[in-house]
Amino acid sequence: MLALLLLLGPSSGLGAVVSQQPRRAVSKSGASVTIECRAVDFQATTVFWYRQFPKRGLVLMATSNAGTDATYEQGYNKDKLPISQPNLTFSSLMVTNVDPADSSLYFCGARDTALGRDRRPRQESW
């Protein structure tokens, strides 16, 4: 059985841009899919990982800060969705043991609060 994970690309807001790869992924049940998020030209002090189901609003799954463990929202956990943020420009989310219920839109957003800046990204349509 195949599970489809739909992923979304670049996001920006107030000059802050994040790049997300891959843009789309199709996986067999039981496999894992890794989504990478890179801050472009800024340092992401906080990375937010979201999921969106068809015809529904965004759901925050987890928040991460460089060098610390991610904080997961209710219903999400590090066993199913391990997150790594080794530095201020990169974070990754792995969806483990993929099954059809994991089919969704996934994307990241990032915030830079250094020097009083608070860049809250918005998703660009493409």
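Residues numbered from 1 in each chain as written. Predicted model: local features only at pLDDT ≥ 70, side-chain atom pairs only at ≥ 80, totals over all residues. Heavy atoms only, no water.

Caption draft 1: The pairing of strand 6 (residues 46-52), seen in detail. Where burial is concerned, most of strand 6 is hidden: five out of the seven residues are buried. Relative to strand 7 (residues 58-65), strand 6 runs antiparallel, the two sharing seven bridges. Following the sheet pairing, phenylalanine 48 is matched in strand 7 by threonine 63. Taken together, strand 6 and the strand that follows it, strand 7, pair antiparallel across an intervening segment of five residues, in which lysine 55 is found at a positive phi of about 60 degrees. Relative to strand 11 (residues 105-111), strand 6 runs antiparallel, the two sharing seven bridges. (Buried < 20%, exposed > 50% of the residue type's maximum accessible area, 1.4 Å probe, protein only. Helix = DSSP H or I, 4+ residues; strand = E, 2+ residues; numbered from the N terminus. Pairing = 2+ DSSP bridges.)

Caption draft 2: Looking closely at the confidence of the model for the protein chain. When pLDDT is averaged along the protein chain, the result is 81, and 76% of the positions lie at 70 or above. Predicted confidence for residues 9-14 stays below pLDDT 50, and this span has 26 contacts to residues more than four positions away or in other chains. Segment residues 118-126: pLDDT under 50, and 36 contacts once partners within four positions in sequence are set aside and those in other chains are kept. (pLDDT = per-residue confidence, 0-100. Contact = heavy atoms within 4.5 Å.)

Caption draft 3: Quick look at the state of the cysteines. A complete count under the given rule lists one disulfide for this structure. Two residues, cysteine 37 and cysteine 108, share a disulfide whose sulfurs are 2.1 Å apart. Taking the sign of the S-S torsion, about 85 degrees here, the bridge from cysteine 37 to cysteine 108 comes out right-handed. Separated by 71 residues along the polypeptide, cysteine 37 in strand 5 (residues 33-40) and cysteine 108 in strand 11 bring together distant segments of the chain. For cysteine 108, a relative accessible area of 1% gives the class buried. (Disulfide = S-S within 2.5 Å.)

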